[in-house]
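Take a look at the letters that make up each chain.
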Amino acid sequence: MEIVISIGAKLSEYTVTPIARQLGYLFYYQSNLENLRTQVQKLKDAKERLEHSIDEAKRNGEEIEADVLNWISRVDRISDQTLNLLTAEDQGKTRCFSARLFPNLVQRNKLSRKAKTLAIEVGSENQNAGGFNKVSYLPFIESSVFDVKGYVAFQSRMSTINQIMEALRNPNLEMIGVYGMGGVGKTMLSKEVAKQAKEQMLFSKVIIVTVTQSPNVENIQQEIAEQLSLKLEQKTKAARADRLRYRLRQEKKILVILDDIWEKLELEDIGIYFGNDRNKCKILLTSRSEDVLHNDMDVEQNFLVGVLSEREAANLFNSIAGDTIKNLAIQPLASKIVNECGGLPIAIATVANALRNKSPPVWNNALQELRASTPTNIRGMHVKVYSSIRMSYDSLSSEEAKSLLLLCSLFPEDADIDIEYLLRHGAGWGLFHGIFKLEEARNKVVTLVEDLKTRCLLLNGDFDGSVKMHDVIRDVTVSIASRERHMYNLSGVAELEECLNETKLKDSIAVSLSEIVRNCQLPEKLIFPNAQVLFMRTVGKLFRYPLRPNFVNINFFDRDFKASNHLFEELKKLRVLELSGLCLKPLPSSFSFLRNLRTLCLWYCDIGEVAMLGELKNLKILDLTGSNIEELPKEIGQLTRLLLLDLKYCFELKVIQPTTISSLTSLQELNMKGSFTNWKEVGRNGDRSNASLIELKSLHLLTSLHLDLPSANILPKEFFSEKLERYDIRIGEFDVMYVDFAISRMSLNLYKKRDVFNESGLENLLKRSEVLYLIGLQDLNNVVRELDVEGFPQLKHLHFEHNHGIQYIVNSMEDDHTRAAFVSLEVLNIECLNNLEKICHGKLAENCFGKLREIEVGSCGKLKNLFPFSVAEGLLQLEKIEVRRCEMMEEIIIYEREGDSQNIGHETVRNIQFPQLHTLKLCHLPKLIQFYSPENTNCGNIQRKSEELVSNFTMSLFNKEVTFPKLQNLTLRGSPTLNELWHGLSEDLLGDEEPACLFSGLKALTVSELPNLIHIWDEKHRHTNGSASLNLMSLFVSKCNGLKNLAPSWISFQNLIFLRVSKCNEMVNLLTLSTAKSLTQLRTMSVVGCKSMTEIIEDKGNELGGHDDRIVFDHLVFLELHGLLSLTSFCSGKSTVGFPKLKHVSFVRCPRLRSFSHGVVSTPQLHKIVLLHGEQGDDELYNSGGEFIDSDEDMDWPVTDKELNFDALDDFSDFSDEYNGKPVEELMNGDINTTLSQLWERNQIGLALQQLFTE
């Protein structure tokens, strides 16, 4: 029974329950649909409410949360299903075809079931609708500051950007600085750095914030927070800084750029601090002041952003000015306007935008205003340019600095302003309050100048001790000076007269008249009664030039020029008067009115008598540099307040009245360099017609003395005072005027050393000198022991020549204390020391020669090496080595071996590196074997077997034991024993790590007079990558008859600019095809006197596997092929050769040259060539082709971070009708092959006719 019941239950479960469920769908059909409709309406309402929130969020620029969007998508799907179901419900009300009176039960069942299911799903979504805490969020937006609109990748900036990127990769650097003058493009460059850093994925986040001149810490914090999508709700600076610091540390690697810093900024107060985790965060700061970066912010590495090159400035201007520049009337104006902008991008862009689509008169007016430093009518100049630089001026902390900058603006445009001139003018003007000593005033000037330079308001001049003003900086300061200080720059006498007529100068404080031309006439009287400073200069530069002082030829002056006697009568308040290059003979009598004058500079003037100047009792500085006075009269002795008397380069000065100088009791500085030498000898009988040196002993305040003396014999006892702080004493004759600007310098051309020790005090001065020139001193055997036993601790530059007795410069074998000699020496130059055997003999202290930067040795016939290893390994600052004409020189660095006096032992590391060396010149060293060898090589035995060495043995000049990571210039000349320069080092040319090979960074290589040199780069030691790219920019090879070609095929010269090869008589071809293809930057190629050369480019046809047979010399402008007697073509193959910029081609004495190439030659800019055949014995033609080849001149590449611009070479014009006396031929049909062929045939006909008539 139980079994029956159980079976019945199961039957009921599988039959009755499903039937009941299906009947339920029918019974609850209407309620299920109504429930669905109710739930759907609720869902629709919920969706509408949510969509309102979504619309509001979108209007606020917010992004919608993903789960909200997913919900909306599901609701839309459910709504579609519901709509379909309710539409189908109408069909449920229809009757069956067989029984229309009854409902469609099957359809109703199906709809009811779906309605119930959908209702459950809709109900679930209704519940989900209430679960959204928020529907949107503020997205992180990449800062638009990285979009560098208008940025131009200038060539001059690329190296700076590359160096900054390299610094950002350096794990040891945390802060990096970029500085430059206002408007130079620091912000644009920093944004480009940010962009590249992001693209290269150096940082996960890059933030850039502008600091401004008046930084607000809260604003800076807020800007950083916004770029990090961080809400800063804290109220205090400290709390906000803590929050910001915590957030910054969450980034894996971040770059923070703080732009436009003017003063010290406490980064910790902002929240930028990472502790010892330097590699996690990098900070890039930009400023106008290097001093702010280096001293205030402790930046570890700073990069200067300079102005644009001329070509870059012109290109930028033209690109902005657009089609306007195509107007022929505007083009010459454009180049002048660009020049006035001085390469400053902001000025160039502003002016170009203002002049775009303007007529020539507007351009002329703009040029006129720029030249007059008043471009007020050029749209945007005041707002964008002047205001920017004005901010730099206003930021100066002292009135002294501002006044000094305005004083600089009174000098001519682009002038080299000697800091000594600023001292003279500033002291006379009274700029330095509370300072009474000239040396203290000089220190003040130097401090102010350095501050102005670090702020980029002044630039380094063209020589030491000078500064310049950028053109735009000068324009702004000229404007400030005239409007606010009544300091005026006048362009000429015409403007001066106009201003006098308008009484414009009535209130003037300073007036500069810089362009007095010949045949002009000054006004009768200068009426500006309040003027304190007056400059009047002739046209041209009369400022110091380092290599050759600019001595003015008095005949230059216009003898008709007359200065009125009343000229200075109204200048009673004048304190500073500078007159340069004027004919003032005789001096105007109105000089006597200048009773308030403190500084008088009569530079290179024709003035004659100067007795009148004795009436200027308040005069403190009298500078007569270069003027043609013949006598210094006794009236000058009345200037008892005079602090400085400068008579340098007064070549006509023959008489100084006795007691004149001794009367100048306040004198602190006396300069008679290149001037008076007729000193009366002490104790000489007869009337004194001239001053005596003993007068100088009465000048108890004298601290600076520049003096030339014919002999040491005229020196009084105890002449040179211990009080001398600054001196330049030259005794004896000197053919060359040595140039340096040291504080203390001594030049002695004396026969015996006893002349030094003559109780005059000369010995003491010699020991204190920073620069010392010694010539002669024939009885001197030991420089240190006999001249200064302390080892010249202050000496920085030593030049010693023409001595026949000295064996060693330093000999510690005789005195132990000499081991520490020359600890400050930076430059060592020794010449013609015929008996010199060693520079160093014996063991020296570690710091001996430790600061040496340059060493030059010449004509020292017994010198076998330069330094021992123990000294050389300490020359970490050495930048230049030059050794020439030392007949016995075998090695530059010698390794001390067992048994030598300076044995260093086998345990010492034998490798040596010169980390700062950039220039190495080894010239005419006939016995040179190696630069350095740690092996036990007996150079003497090798030398005695030199012939066997050359024929049977190869020894490299350089090896891996010595490295020069920064070598740029290498010159090797006149060493016949050399047959290989480096052996097996080629493989290091392109390593992934920093190259150890000395030639990887080489920019200039000169190889000359090495007759046994078999190759420069060895074909056998092919680079492991298949090719090697060199950084050479100039390559000169001459008189190397062992060379068969210039370089193997795996060498690439992608940076080469200048190529010159001469008199390599065994060279058959110059370049392989693959190497020739790398010469895309070559500007000049000269091949002269290589008698065996048959072609320039060896085209074997299969060298490159038959791919790309086109050779393009993209930048070649000059091509010279002279004296190549076997040359048949430039390229014998059928390669297409392109010269898109070639303008100058010269073929001289190449008798077999019938065609240039067997392939197509393209020379679109070539219109004329020089073609001069010659007989085989025509030596005159040969010499004319190679007149410069035998010169010992080398191209030393400048050591600078700036990119050099060679684009100016592209602008050379075509040949005229003659070139260096050689006839010029027109290119026939525009084809060089056709031209060569026809001219060759014409020459052959001429030779045949000449032979016929001769017979």
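The rules we used
- Residues numbered from 1 in each chain as written.
- Predicted model: local features only at pLDDT ≥ 70, side-chain atom pairs only at ≥ 80, totals over all residues.
- Heavy atoms only, no water.
- Pairing = 2+ DSSP bridges.
- Helix = DSSP H or I, 4+ residues; strand = E, 2+ residues; numbered from the N terminus.
- Phe/Tyr/Trp six-rings, centres within 6.5 Å; stacked < 30°, edge-to-face > 60°.
- Buried < 20%, exposed > 50% of the residue type's maximum accessible area, 1.4 Å probe, protein only.
- Salt bridge = Lys/Arg side-chain N within 4 Å of Asp/Glu carboxyl O.
- Core = buried A, V, L, I, M, F, W, Y, C linked by side-chain atoms within 4.5 Å.

1. Focus on the sheet that holds strand S51 (residues 1136-1138)
Working step 1: Strands sit in the order S48-S51-S53 across an open sheet of 3 strands; the sheet is parallel. Each having just a single partner strand, strand S48 (1110-1112) and strand S53 (1161-1162) make up the two edges of the open sheet.
Working step 2: With 3 bridges connecting them, S48 and S51 associate as parallel partners. Across the sheet, Arg1110 pairs through a bridge with Thr1136, a residue of S51.

2. With respect to the packing of aromatic side chains
Working step 1: Applying the stated criterion across every chain yields a total of 24 aromatic pairs.
Working step 2: Look at Phe1147 and Phe1156: their rings are 6.3 Å apart centre to centre, the planes differ by 65°, and that puts the pair in the edge-to-face class. With respect to burial, Phe1147 and Phe1156 carry one shared label: buried.
Working step 3: An aromatic cluster of at least three residues, connected via ring pairs, comprises Phe1113, Phe1130, Phe1139, Phe1147 and Phe1156.

3. Some words on the pattern of salt bridges
Working step 1: Inspection of every chain in the model, using the stated rule, returns 39 salt bridges.
Working step 2: In this structure, the salt-bridge partner of Glu400 is Lys444, at a minimum N-O distance of 3.1 Å. Taken as a pair, Glu400 in helix H16 (residues 399-408) and Lys444 in helix H18 (residues 438-454) lie far apart in primary sequence, 44 residues in all.
Working step 3: A salt bridge links Glu1066 to Lys1044, with the nearest nitrogen and oxygen atoms 3.9 Å apart. Linking Glu1066 in the loop between strand S44 (1058-1062) and strand S45 (1069-1072) with Lys1044 in the loop between strand S42 (1034-1038) and strand S43 (1051-1052), this pair joins segments that are 22 residues apart in sequence.
Working step 4: Residue Glu1066 is classed as partly exposed on the basis of its relative accessible area, which comes to 37%.
Working step 5: A cluster of three or more residues bridged by salt bridges with shared partners is formed by Glu420, Arg424, Glu439, Arg442, Asp623, Asp646, Lys648, Glu669 and Arg726.

4. Observations regarding the pairing of strand S38 (residues 969-973)
Working step 1: Taken across its 5 residues, S38 has 5 buried, putting it largely inside the fold.
Working step 2: Residues Asn969, Thr971 and Arg973 of S38 are buried on one face, and the alternating residues Leu970 and Leu972, pointing to the opposite face, are buried as well.
Working step 3: Bridge analysis of strand S34 (residues 919-923) against S38 gives 5 bridges, and the strand direction is parallel. Counted as the bridge partner of Leu922 is Leu972 from S38.

5. Comments concerning the nonpolar core
Working step 1: Judged by nonpolar contacts, the single largest core of 205 residues is most densely connected at Phe822, Ile839, Phe849, Phe867, Phe931 and Met1085.
Working step 2: Formed by 123 residues, the second largest nonpolar core is a distinct cluster that contains Ile254, Leu258, Leu285 and Ile330.

6. Description of the sheet that holds strand S9 (residues 459-460)
Working step 1: Across the sheet, which stays open at both edges, the 3 strands sit in the order S8-S10-S9 with antiparallel pairing between neighbours. One side of each edge strand has no neighbouring strand; the edge strands of this open sheet are strand S8 (417-418) and S9.
Working step 2: As paired elements, S8 and strand S10 (residues 466-468) share 2 bridges and run antiparallel to each other. Bridge pairing in S10 places Ile417 opposite Val467.

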